[in-house]
Amino acid sequence: KTHGGSEKTSQPFLSLTAAEWKTPHKALALNMPYERRTTAQRKLLESKGIYSADFRAADVLATGYADGQFDAVVSRDVIDHMPLRDGIAAVRELCRITKDGGTVVLTLDRTDEEYEREPHTVNGDGDYLFSDGKWKGMVFHPYSEEQIPLLVQGGVVKRLEVDSEGFLLFLSKA
């Protein structure tokens, strides 16, 4: 399985992607919600010889990093959980902090029965705004393959993988 999966398998995607690089790179992880996850990821990266990982919380719309600071940036299960307009701005920001010739990796979930079953309204941009239940206050935007060019205005799609759970995009900085 390329992406998706349980809580136990979803976060190592970032670390394993970074750990597969053969040359030294500066690794970044934003908004890691649990200290144990950060510790586990740091240990995994260090086991692969990567010692410069920087784990911090930051706003994906305004990271505070300089232009072109990273060789690669991974955003897993983030962009599809914000309104479409914020998703576009977030991808633009991730491309901005990526070096020319660098890569931005994104995952986007498809909608499923659970998303459809939870109480929500849909606004004019197609964002699901959850009004009650376990996802009260959450936003989800179910991207289609046709919407990807709109989303990735800050980059060029190098590779797109599609499966029943969603999309895995590899962008190069435009």
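Asks: A description of the sheet that holds strand 7 (residues 139–140) should follow, citing residues and the corresponding values.
Replies: Spatially, the 3 strands line up as an open sheet ordered 5-6-7, and their pairing is antiparallel. Sheet topology places strand 5 (120–122) and strand 7 at the edges, where each strand pairs with a single neighbour. As paired elements, strand 5 and strand 6 (residues 128–130) share 3 bridges and run antiparallel to each other. From the neighbouring strand, Thr121 faces strand 6, where its bridge partner is Leu129.

Asks: Requested: an account of the pairing of strand 4 (residues 98–109), with residues and values cited.
Replies: For strand 4, a buried count of 9 out of 12 residues is recorded, marking the element as mostly surrounded by other parts of the structure. The pairing of strand 3 (residues 70–75) with strand 4 spans 5 bridges and is parallel. Across the sheet, Val73 pairs through a bridge with Val104, a residue of strand 4. Traced from strand 3 through helix 4 (residues 84–96) to strand 4, the parallel crossover comes out right-handed. Pairing analysis gives 7 bridges linking strand 4 to strand 9 (residues 166–173), with the strands arranged antiparallel. Its bridge partner lying in strand 9, Val105 is registered against Phe170.

Definitions and cut-offs
- Residues numbered from 1 in each chain as written.
- Predicted model: local features only at pLDDT ≥ 70, side-chain atom pairs only at ≥ 80, totals over all residues.
- Heavy atoms only, no water.
- Pairing = 2+ DSSP bridges.
- Helix = DSSP H or I, 4+ residues; strand = E, 2+ residues; numbered from the N terminus.
- Buried < 20%, exposed > 50% of the residue type's maximum accessible area, 1.4 Å probe, protein only.
- Right-handed = clockwise from strand over helix to strand, strands pointing away.

Treat this as a map of the structure, not an account of what it does.
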